[in-house]
Structures are given as structure tokens and as C-alpha cells.
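# Remarks on the overall topology
Listed here are the chains, written in short residue letters.
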Amino acid sequence: MRLPAISDLKMLDISNSDQVIVIGGGNAALCAAMTAAESGSEVLMVESAPKPLRGGNTKYTRDIRYMHDEDVFTGGSYQFQEFFDDLLKVSGEVTDLQMAEFTIRNSTDIPQWMSDHGIIFKKEIQGTLSLKRTNVFFMGGGKALINSYYDRAEKLGIRTLYETTATKVLVSDGVFEGVILKTQKGEMKVRGKSIVVASGGFEANAEWLSTIWGEKTDGFQVRGSRFNTGLPLKSLINAGAQTAGDPRGGHMVAVDARGPKFDGGIVTRIDAIPWGIVVNIDGMRFYDEGEDLWPKRYAIWGKLIAEQKDQKAFAIVDSTMRRKYMPTAFEPIVSDTLEGLAAKAGFNAENFIRTIKQYNESAMDLVKAGIQPGSFEASANNIVPKKSHFYSPVQKPPFFLYPLRPGLTFTYMGVKVDRDAAVISQRGKMRNVFAAGEIMSGNILRSGYLAGFGLTIGTVFGRIAGKEASSI
Amino acid sequence: MTELMEDAIRQFNICNACRYCEGYCAVWDAIERQPSFLTSDMKYYSNLCHDCRECYYVCPYTDDHEFKLNIPKVLSELRLETYSENIWPRFAKKFLDHPIASWGTVASISIIFTFGLAVFLSGVKFLVSPSMLSEQIIPDPYFKVLSLLLYAYVIIIWSVEGMKYWHSIKKPGRKITLRYFLLGLKDAFQHKYFGGGGAGCNYPGEKGTTTRLVFHAMLLGGFILDLATILFYPDMGRVIVWSYTAGAAAMFLGSSFLLAFKPSSNQLLMATAMKQNDYPFTTAMMLTGLTGILFPIVSGTLLYSYFFLIHVALIAAIFLMAPYSKFLHPVFRVVSLAANRSEAESFTFEGS
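The text that follows walks through the structure, step by step, so that each part is easy to find. (Residues numbered from 1 in each chain as written. Chains lettered and ligands numbered in written order. Predicted model: local features only at pLDDT ≥ 70, side-chain atom pairs only at ≥ 80, totals over all residues. Heavy atoms only, no water.)

## What about the nonpolar core?
The cut-off we apply is this: We define a nonpolar core as any set of buried Ala, Val, Leu, Ile, Met, Phe, Trp, Tyr and Cys residues linked to one another through side-chain atoms lying within 4.5 Å. Whether a residue is buried, partly exposed or exposed follows from its accessible area with a 1.4 Å probe, protein chains only, as a fraction of its type maximum: under 20%, in between, or over 50%, in that order. For the purposes of this entry, the term helix denotes a DSSP run of H or I that reaches at least four residues, the term strand denotes a run of E that reaches at least two, and both are numbered from the N terminus.
I23, M114, Y149, V179, I195, I444 and F461 of chain A are the most contacted members of the largest nonpolar core, which has 96 residues in total. With nine residues, the top contributor of residues to this core is helix 1 (residues 27-38) of chain A. Counting residues in hydrophobic clusters, the runner-up holds 62 residues, among them M139 of chain A together with A17, A26 and I87 of chain B.

Next up, the structure:
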């Protein structure tokens, strides 16, 4: 639907107190909006991004995890216990075991439902083979999914306001009264019978982040949507909603420092780390690069780099390691000498040379033990910090360097909800305020991340929220 | 390296770190076989791209993002460069630079020549007499010899150009044997990559359709049918005439719709110079189809001779222009599809 100007809002019959208002424009919002419309309600969707950038963090997804027997969508069955164990393994600690179980058990019909709503799944997957059995991949990734859902939403008669932000959700005695919508042209109060807030986290809100992370925030890059400023979340908290999840909770990985400040998405990640070494601006190693196995290792480096001076670090590999990791969006910085590399990237060359020398000397032990350098078994335990897997001396020029920054994908802290996706206030359940997606993912996850599970949460709770909001 | 090539490689590095478009067309499977890109790779991808535009509409990094990815456009710019670089003889490159003038001139000369030849061979009677047969206007042996000369000319020059293009994209792991060539030809005829991996082709609008698949197949099918039928000339039996007319009708409809969609398609996703080459080529196909339908219909009237000769002249013009125009695209497309077949066969993906 065409973007209406604020002057057109009057034409949209905004006094319609029978409508369901959905705040957000990503997967959870669309699932809620479509379900509410299919249940017979009129739906108004409010997306803060302009149309070409719509879809929140869903744009940066490509697969969804769900519980299943053997089926046509995946390479094998994935039962409850395994799913649940995987979740515990990556997140370390689940906020609410019952909510996690509830989410998993309600995920079984997801691919069929998606397929019914226009999503095309991939028949063959070339990469990411480790997810082939547990997750289903859709063609074209998240933006293709978003486009299909918006098409469906339009057919269902859902009205979408782009470039419109919900700045204040008005709740009185646990009852939704209206929402203040802001566009470039002004503000306006809009009523509805219920509201679903599916506006994501607050990863793009530097001010909010700095109250949690302090000055470190300046060194962060946001992989997620620049529109995830968390204003509707803040407004719900101000209206009395209880919070769920750790304010520091989030998904933070190592990204290329040359990437954009916002919306880096999938492409800026650097997964060269386990093969080579990582030093900070002082030219010193600070963590075991080969410590953990995928997928967990992927998620620890963001926070590790956030703790370094200026939130900077540098991943270095030599020419023997160049093809072992995924291609990168930016070409590496190349030099035939280690000094040259340090000079080009701007960190302490003297310490760096000493670090590398010390690191490379461990190679003698491997040779003695007859272990292949770079293999899983290859470890160097006589250096600090040790390198527990994939150890191989960094010595064959040319050398390649990737400057690193912490890249924040999304935040976990959100509002507390029950199984009906209803927002819980200090005084109990709100009557007609619902939340779905990232904004309530803190009810389930505290830290870490399981690939494709964000969409699972959004799809499970988005549909519940839409149905409940419609039945008010 | 040109700025255009540098930017194309910059864009493809980002694509290769993402790979969400895997499955849409052969380009996306092909990039996964390379850790980094050379100019030869980019030239190859430019002709492997079928311009379905799916990769633009599903990309989160397009014009509104600082990465400013626009793969259909950059590939159409490179594609035109590969045509230009490999045209042989070299001076004929000018035809590609000035497509409308070239097509206009060549078609005009061809029409004048054809009428002149008819007058030379059969006198001026056909200009006024309604009851001429086509072989009375241009006698069969002349028609056959001229046709064969034109076929030979196109095949020879296309081959030279195709070889030149092949040498510009060749690298270890990418090879063409007769078998791969036939497989590439098969993929082209089957329109294997016109379906966007099941999502359709985002053409002319931003939603997936089968528009281009249907009309391109009509144009190609009609053209092949007419080429085959004309071998029977001057046998003008009922079946021959009908199948020729059917081929011409398919050509006319296919090219008319392709022409009609182009102005309303997203202009930001194509090189302007490529578009300028598309219009006269498709128009020539459309007019050939149209005159091909009309001349049997007006048989027995005065118009017959005119339509027949214009039809023949347009075909001659298309053949004359084939090596120096948009009509190069089937050659480079098939070479790329063949190379893709060979690469795909020798490559095994090391998944993480």
C-alpha cells in the first residue's frame, strides 16, 4: 500500500476503535498482522523504516528452526529434546524453561504456515550444511520473506504506514487506550481495540546502549536495523510493563571495522578468527582464538573485542589459511611483512612482532608430536593465552589482516509476556497489549544465540499475539 | 582495471560474504566456487546473468544502503562491455555504439538492395502485378545462395567472437568441450534460469512473474521454427506456410510484449546503453514477425510482393547485424552456460 502522508491519516479512519494496531514491520509484526486480519480484524501496521528498508532484522535472516519429524522441508527429524538441549548449550542459561519449551512445541507447523503465506523454500543448500537438518531455508533470505509477507498482508487488506514511529503507547489501568504515531510531518493519536508491539530491540539506540555499556558504545557497530531504536519498548516500560532479560544481553560478534555503522547484516562478520591470531591495539593476543566450536565461538568475540582498548582488534592470517574461512565483504589488508601489516592497520608493531615470534615458536612442539598444523588437534598450550585448536604458525607471506569491531546484532532485554503474548505489568496482565519477536525474546534467551531461533520466537508469538489481539 | 570493473568486484565481494541469493540463477552458484574475483570472472557472470532482478529486490544492501548494490545494473554494463570488446572485426564496434543509426542504415540498405535485386532478376513487373509468386520475384537459386552466404557469414563471425569471449573468461576449472557446449545449449533452450529458482522473474515490475519466460520463449521458438521452415523454400505447401506463419506470429507476439514491457520495467536496473541496443534489435524481430504474418495473408494482392521483399530484407538485416548488436547475446550466453556446466561438475562444495 502506498505510503500515506500524515494528512492522509484522517482518511484511514484512524478513530476506528475496532482495529488491531501492530507496531513494527519485521517477521513478528507481519505474522501478528496477517493472523489478526485472517481472524477477521481490521489491521493497521506501523513501520518506522521507509519501504525499501522495511523488515527490521528479519532482512538479515535466511532460515528458521523448528521442531519436526522427518519432513519434506529438511534433511531429517529434529525432536523436542535435541532442540531444547541445543538451546541450553548455546545460551548457557535460558531465562524461563517453560517458555522455551512452549516456544519449541509451538514451532512444528511453521514451514507449512509459511508456505501457505507465500514463502518459497530452498530445495538444495550448498553451504551451512550443519543446519540442513534442523532449519529450513527460504529462497532469497529475509528480505524475500518480508516481500512475500507484505504482498500477502496487502491482499488481506492490511494497511501499512511506513516511516512512522510509535513514540508512545498509552496504557491506563492495564488497558490500551491509543498510540502516538510520529511521522516527519507531525504526531497523531491513533486508537484501536488492541495493540501488538513487535518493534524489535534497541540495538540502534546509542544513547540507551551507553547507559548500559558506557563509553564502549562508541566503538560498536550495529549489524541490525538502524530503525531498531527501542522507542516503543521504552514506552511500554514507562507504561508499567515488567522487563524480561538482561540489559547487557544480546548477540555481539566480531565484524569488519570498515563496515557500516548500522545495517551491516550478515556480510561484515569475520570468521577467520580460529585459523589465525587476534591482537589488540597494543599488539597483544588476549583470548584463545581456537577455544570453542562453532556456533558458540562466533558469538563470544563481540564481547571480547568490546573489552579491548578503543574496542578494536585485528585478525591476522597468513597465506596458508586464506581459503579456510568464508569470503569477506571487504578485501583484507595485505602485506609481505608483519611490520608492514601493523603499520597499515595502525597498531603496536614492536609488541606484535614479539607476539607472533612467541606464537610461532610453539610450532616445534607440534612437529615433535607429529600433529598436522592447522588441524583440530593442533594446539599450543605453552603460550598465554593458549591456542587450543587449529594452531598453525603465522609465517608464510603475504599476511592478511581484518580490522575488527564488536558488531551488535540485537538486544535481548524486552517486556515480560505470558503464553498469550500479553504484556505483564507490575499489577498483572495487560488486557489488550501484546508483544512478539525480539522485544520479548528476553523471556526465553539470556545470551548466546541459536541460528534461526529468532524467527521461531517471532513466528510463534507473532501468530499468538495476532490471534489474541483480534479476539479482544 | 576500469572503475566499473572495480565496483563490480566490490559488489560481488559483498555478495560472496552473503550468498542469500543462492538458487535464483546460475550466477549465485557460480560465485560460491570462487574465494575472490578476477575480471575474467566478472565477464563470465555478466553473461550468465539472465537479468531476472530477483537479486535486487531481495537484497538488503541496495540503493538505500551505503553498500549500494545493484547487481542487475552492473552486470548489464559489463555485459555490454563484453560485446564491445569481442566484436570482430574491430571497426564494427561502432555499430554497438550507435545502435539506432546502425540498424536504421543497415535495414534501409537491405531493403533497397532486395528491391534492386528483385528488379534486376525479374524486372519491374512485381511492383504492379498482383499475381506474382515469391520465387518469380527472387528465383530460388539466388534465394538459396544468398541465404547460405548470410548463414555462413553469421556462423563464422559469431564463432570468432564467441572464441574471443571464451578466451577472456577462461581459467582453470572452467572448460568447454562439445558435451558442455551441448549442455549449455540445452540450458539456454530450456530457459532453465528464467524461473528465478521458482520465484519467477521480477520483470517488468518488482513481483515475480513468468512474463519474460513466456515471451522470450515465444520469440526464440518462433525464430527457430521459421529458420527450420525456410529450408523447405520454395515449397509453399499448406503445412509449410502454416508453420512459417505460426513461427512469425510467435516472433511477433514475443518481441511485441518484450518491447512493451521494457519502458515500464525498472530503469534503474539496467545500463542505458544496453537498453538502446535492446530496442532496435527487438523492433527488427517484431517487424520481421509482423511482415512474416502479413505476406501470406495478402497473397494474390499487389501488397504481397512488397511485404515479401520487406520481410526478406529485414531478415537479411538481422543476419547482417547479428555479430555487432544485441543479437550477440545468445552466443555469449551459451558459452557462459557451457562454462557453468563444466565448473559445476568439477566443483564440490566444502561446507562448514
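## What about unusual backbone geometry?
The omega angle of the peptide bond from P397 of chain A to P398 of chain A is 0°, so this bond is cis rather than trans. Within the fold, P398 of chain A resides in the loop between helix 11 (363-369) and strand 16 (399-411). That bond from Y203 of chain B to P204 of chain B is cis: its omega, 5°, falls within 30 degrees of zero. Here A421 of chain A, not a glycine, exhibits a phi torsion of approximately 65°, which is positive.

## Some points on empty space enclosed by the protein
Residue and element names in this part refer to chain B. Basically, it comes down to this: Points on a 1 Å grid, built from protein atoms alone, make a cavity when a 1.4 Å probe fits but cannot get out and make a pocket when they are open with protein on both sides within 12 Å along at least 5 of 7 lines; residues with an atom within 4 Å of a point are the lining residues. Grid points are joined across faces, edges and corners, and a volume is the space filled by probe spheres set on the points. In this count, Pro and Cys sit with the nonpolar residues alongside Ala, Val, Leu, Ile, Met, Phe, Trp and Tyr, while Asp, Glu, Lys and Arg are called charged and the others, Gly among them, polar.
Enumeration over the complete set of coordinates arrives at four cavities of 30 Å³ or more. Here the largest cavity is characterised by a volume of approximately 130 Å³. Lining the largest cavity are 16 residues, with C15, C18, Y20, C21 and C59 sitting closest to its centre. For the lining of the largest cavity, the leading source of residues is helix 1 (residues 3-18), giving three residues. Its residues assigned to classes, the lining of the largest cavity comprises 14 nonpolar, one polar and one charged.

## Here's the deal with the side chain of T217 of chain A
Convention followed: Contact between two residues is taken to exist if any of their heavy atoms lie within 4.5 Å; hydrogens are not considered.
If you trace the backbone, T217 of chain A turns up in the loop between helix 6 (206-213) and strand 10 (221-222). Ignoring any residue separated from it by four or fewer positions in sequence, one finds T217 of chain A in contact with A206, L209, S210 and K261 of chain A.

## What about the environment of A8 of chain B?
Residues and elements named next belong to chain B. On the secondary structure map, A8 appears in helix 1. Expressed as a C-alpha distance, the spacing of A8 and K73, which sit 65 residues apart in the sequence, is 9.8 Å. Setting aside chain neighbours within four positions, we find A8 in contact with M42, V74 and L78.

## With respect to the sheet that holds strand 7 (residues 175-183) of chain A
What holds strands together in a sheet is hydrogen bonding between their backbones, with the strands either parallel or antiparallel. All names here are of chain A. Filter applied, for reference: Strands were regarded as paired on the criterion that DSSP finds at least two bridges between them. Every axis corresponds to a line fitted to the C-alpha atoms, with the helix fit spanning only the stretch in contact, and the corresponding angles, defined between N-to-C directions, vary from 0 to 180 degrees.
If you trace the three strands from one edge of the open sheet to the other, you get 6-7-8, paired in antiparallel fashion. Edge strands, defined here as strands with exactly one partner in the open sheet, are strand 6 (165-172) and strand 8 (186-190). Averaged over all pairs of adjacent strands, the angle between their axes in this sheet comes to 20°, without regard to strand direction. Here seven bridges tie strand 6 to strand 7, and the two strands are oriented antiparallel to one another. Note that in strand 7 the partner of T165 across the bridge is K182.

## Describing the interface of chain A and chain B
In plain terms, the rule: In this description, buried area is defined as the sum, over both parts, of the accessible area (probe of 1.4 Å) that is lost when the two are combined. By convention in these notes, a salt bridge is any Lys or Arg side-chain nitrogen within 4 Å of a carboxyl oxygen on Asp or Glu. Pairs of N or O atoms within 3.5 Å make up the polar contacts considered here, provided that, within protein, one atom can donate a hydrogen while the other can accept it, and that residues adjacent in sequence are counted only when both atoms are side-chain atoms.
Each partner contributes residues to the interface: chain A has 42 residues there, and chain B has 35 residues. Surface buried jointly by chain A and chain B totals about 3100 Å² across both partners, of which 53% is contributed by carbon and sulfur atoms. Remark: the boundary between chain A and chain B carries four salt bridges. Among the salt bridges present, the one from K51 of chain A reaches E206 of chain B, with a minimum N-O distance of 3.9 Å. At the junction of chain A and chain B, the tally comes to eleven residue pairs in polar contact (both at pLDDT 80 or more).

## Some details on the pattern of salt bridges
Taken as a whole and assessed by the stated rule, the structure comprises 34 salt bridges over all chains. Here K429 of chain A ties to D420 of chain A by a salt bridge, and the two come within 3.1 Å at their closest N and O atoms. We note a salt bridge from R10 of chain B to D7 of chain B, for which the minimum N-O separation is 2.8 Å. Residue R10 of chain B and its partner D7 of chain B are both found in helix 1; the two are separated by three residues, about one turn of the helix. Its relative accessible area of 32% is what places R10 of chain B among the partly exposed residues.

## A look at the layout of surface pockets
All names here are of chain B. Considered as a void within the structure, the second largest pocket measures approximately 1500 Å³ in volume. Together, 50 residues line the second largest pocket, and W158, F327, H329, P330 and V331 are the ones closest to its centre. Counting only elements with at least two residues in the lining of the second largest pocket, the list comes to helix 5 (71-86), helix 9 (140-169), helix 10 (178-189), helix 11 (211-229), helix 12 (238-264), helix 13 (272-297) and helix 15 (329-346). By residue number, the principal contributor to the lining of the second largest pocket is helix 9, which donates eight residues.

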